[in-house]
Amino acid sequence: MLVFKTKKELTEHVSALPKTNRLALVPTMGALHKGHVSLVEQAIAENETVVVSIFVNPTQFNNKEDLEKYPQTLQADLDLLSATSENIIIFAPSAEEVYDKNVKAKTYDFEGLDQVMEGAFREDHFNGVGTIVEALLLLVKPDRAYFGEKDFQQLQIIRKLVEQQQIPVEIIGCPIVREPSGLAMSSRNERLSPELRQKASFIYSTLLAAKEKFGTKSAGYVVDWVKKEFDQHEDLELEYIEITDVNTLRPITIKNENLKYRAFIAVYAGGVRLIDNIAL
Ligand SMILES: Nc1ncnc2c1ncn2[C@@H]1O[C@H](COP(=O)(O)OP(=O)(O)OP(=O)(O)O)[C@@H](O)[C@H]1O
Ligand SMILES: CC(C)(CO)[C@@H](O)C(=O)[O-]
Ligand code: BAL
């Protein structure tokens with residue numbers, strides 16, 4: 001396993017690889033868990049060379065406390081990744097290496113995809129995500145880049161980003177990996193007490209029930225039902241629940257058999273913000 005901290009070392013190494021190698025990029029913010037490992041394993045199975053980036057990107061955090069408390073566990077991350085493959089390449093730069101002295105996001109127009117849900121509640125978040133993902137794609141020049149469906153809105157925005165910026169890369173979405181309780185794996189789960197971590201499984205069980213209800217009821221009915229469920233919960237505070245078309249991410253009014261829908265949710269558990277979603 002190779003670990004590079006500078007862009008120069010990384011690009012020198014990658015550009016010397018055989019041109020026939022398929023090159024994959026898996027961008028992460030570290031504090032790795034089985035969700036990340038599933039992305040890395042899929043990338044290893046489908047490509048000869050895999051670069052995993054570990055970088056807590058400051059420009060995508062709208063909340064200073066969230067950034068300061070974001071877990072950083074580089075040695076444990078390297079141990080976990082070394083068990084996946086000997087050939088893996090890690091890029092773990094400092095903020096200065098990535099941004100030089102200009103720690104600032106670019107401004108994008110993602111045609112409304114960034115105005116709803118995560119974008120509405122985390123101002124400028126997707127400008128920050130777009131800035132770092134574009135920079136990483138232009139640096140590594142992978143054939144494929146892997147992202148989790150846990151951050152489904154992010155995945156759709158990255159698809160839009162590469163189309164708009166004409167970056168020649170295939171964006172691969174990977175299924176959500178869950179804890180045995182059903183809670184979607186997330187680095188932020190580490191900040192939950194054991195009791196709250198167990199109680200947070202309510203998020204997924206409610207999404208499953210919402211999916212079942214959506215079979216016979218309208219989106220408006222299901223959204224109201226979820227809101228009532230969370231109103232009655234003592235420990236979890238609902239931030240949003242939306243049912244949208246998967247491509248436009250616009251809320252639906254009338255169901256159309258030809259479209260695909262997802263329910264998206266954000267919930268606070270003891271001050272920790274958790275997101276999840278489910279295909280309907
Ligand atoms: N449970 C999961 N299943 C599948 N993919 C995941 C899961 N958790 C994270 N990912 C994906 O891993 C990549 C890196 O995510 P990131 O480093 O932000 O981890 P995270 O666990 O989502 O952290 P957090 O949500 O706490 O910021 C993203 O593409 C993300 O969608
Ligand atoms: C894609 C990403 C690594 C960019 O910092 C981050 O948003 C994440 O981990 O989902
Ligand atoms: N996984 C999404 C990154 C973030 O929450 O900032």
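Residues numbered from 1 in each chain as written. Chains lettered and ligands numbered in written order. Predicted model: local features only at pLDDT ≥ 70, side-chain atom pairs only at ≥ 80, totals over all residues.

If you check an unreviewed UniProt entry, the protein chain appears there as Pantothenate synthetase from Zobellia galactanivorans. In the Catalytic activity (unreviewed entry) part of its UniProt record, the protein chain is described as follows: "(R)-pantoate + beta-alanine + ATP = (R)-pantothenate + AMP + diphosphate + H(+)". (UniProt positions renumbered as here; feature names shortened; annotations may be inferred.)

Colleague: Would you explain the packing of helix H10 (residues 202–214) against helix H11 (residues 219–231) in this entry?
Modeller: When two helices pack together, their arrangement is given by the angle between the helix axes and the distance between those axes. For the pair H10 and H11, the least separation of the axes is 10 Å and the interaxial angle reads 150°. Considered as vectors, H10 and H11 are oriented roughly antiparallel to each other. Relative to H11, the crossing made by H10 is right-handed. Contact residues: Thr-206, Ala-210, Lys-213 and Phe-214 in H10; Val-222, Trp-225, Val-226 and Glu-229 in H11. Its residues placed into classes, the contact of H10 with H11 shows five nonpolar, one polar and two charged. (Axes fitted to C-alpha atoms, helices over the stretch in contact; angles between N-to-C directions. Helix = DSSP H or I, 4+ residues; strand = E, 2+ residues; numbered from the N terminus. Parallel < 35°, antiparallel > 145°, perpendicular 65-115°, else oblique. Left-handed = near helix turned anticlockwise from the far one by under 90°. Contact = placed C-beta atoms within 7 Å. Nonpolar A, V, L, I, M, F, W, Y, C, P; charged D, E, K, R; others polar.)

Colleague: It is not clear to me how the UniProt feature "binding site: beta-alanine" (unreviewed entry) in the protein chain should be interpreted in this structure. Could you clarify?
Modeller: The positions that UniProt labels "binding site: beta-alanine" (unreviewed entry) are, in the present scheme, Gln-60. Examined against the element boundaries, Gln-60 turns out to sit in the loop between strand S3 (49–54) and helix H3 (64–69). Excluding its chain neighbours within four sequence positions, the residues that come into contact with Gln-60 are His-125, Gly-128, Val-129 and Ile-132.

Colleague: Where do I start with the site of ligand 1 in this structure?
Modeller: Taken together, 18 residues sit near ligand 1, with Met-29, Gly-35, Gly-148, Met-185 and Arg-188 positioned nearest. Counting residues per element, the ones that place at least two in the shell around ligand 1 are helix H2 (34–46) and strand S5 (144–148). For the shell around ligand 1, the leading source of residues is H2, giving four residues. Residues of the shell around ligand 1, tallied by class, amount to eight nonpolar, seven polar and three charged. (Near = placed C-beta within 6 Å.)

Colleague: Teacher, can you tell me more about the sheet that holds strand S1 (residues 2–4) here?
Modeller: Strands belonging to one sheet form pairs held by backbone hydrogen bonds; the direction of such a pair is parallel or antiparallel. Strand order in the open sheet formed by six strands is S1-S4-S3-S2-S5-S6, and the pairing between neighbours is parallel. Because the sheet does not close on itself, it has two edges, and the strands there are S1 and strand S6 (170–174). Mean inter-strand twist for the sheet, computed between neighbouring axes without regard to direction, equals 25°. As paired strands, strand S2 (residues 23–28) and S5 are joined by two bridges and run parallel to one another. By the bridge assignment for S5, Leu-25 is matched with Ala-145. Sheet strands in contact with helix H1 (residues 7–15) are S1, S2 and strand S4 (89–91), and its direction is about 135° off that of S1. Set on the sheet, helix H4 (residues 74–82) makes contact with S1, S3 and S4; between it and S3 the angle comes to about 165°. (Pairing = 2+ DSSP bridges.)

Colleague: Looking at this model, I keep getting lost on the UniProt feature "binding site: (R)-pantoate" (unreviewed entry) in the protein chain. Mind explaining?
Modeller: As recorded in UniProt, the sites labelled "binding site: (R)-pantoate" (unreviewed entry) are Gln-60 and Gln-154. Over a stretch of 95 residues, the named residues converge on one spot in the fold, their C-alpha atoms separated by at most 11.5 Å. Judged by the 22 C-beta atoms lying within 10 Å of it, Gln-60 is buried. Note that Gln-154 resides in helix H8 (residues 152–164). (Buried ≥ 20, exposed ≤ 12 C-beta atoms within 10 Å, placed from the backbone.)

Colleague: Teacher, can you tell me more about the sheet that holds strand S9 (residues 272–279) here?
Modeller: In space, the three strands of this open sheet follow the order S7-S8-S9, with antiparallel pairing throughout. Looking at the sheet topology across the chains shown, the edges are occupied by strand S7 (236–245) and S9. Across the sheet, the mean angle from the axis of one strand to that of its neighbour is 15°, orientation sign disregarded. Pairing of strand S8 (residues 261–269) with S9, which is carried by eight bridges, proceeds in the antiparallel orientation. The partner of Ala-263 across the bridge, within S9, is Ile-278.

Colleague: Any chance you could explain helix H7 (residues 125–140) here in plain terms?
Modeller: Since the α-helix turns once every 3.6 residues, residues separated by three or four places project in the same direction. Taking 1.5 Å per residue, 16 residues should reach 22 Å; H7 reaches 23 Å between its end C-alpha atoms and fits that length. Along its buried surface, H7 packs onto H1, S2, S3, helix H6 (118–121), S5 and H8. One or two steps after H7, the chain reaches Lys-141, where phi turns positive at roughly 50°. (Expected span 1.5 Å × (residues − 1).)

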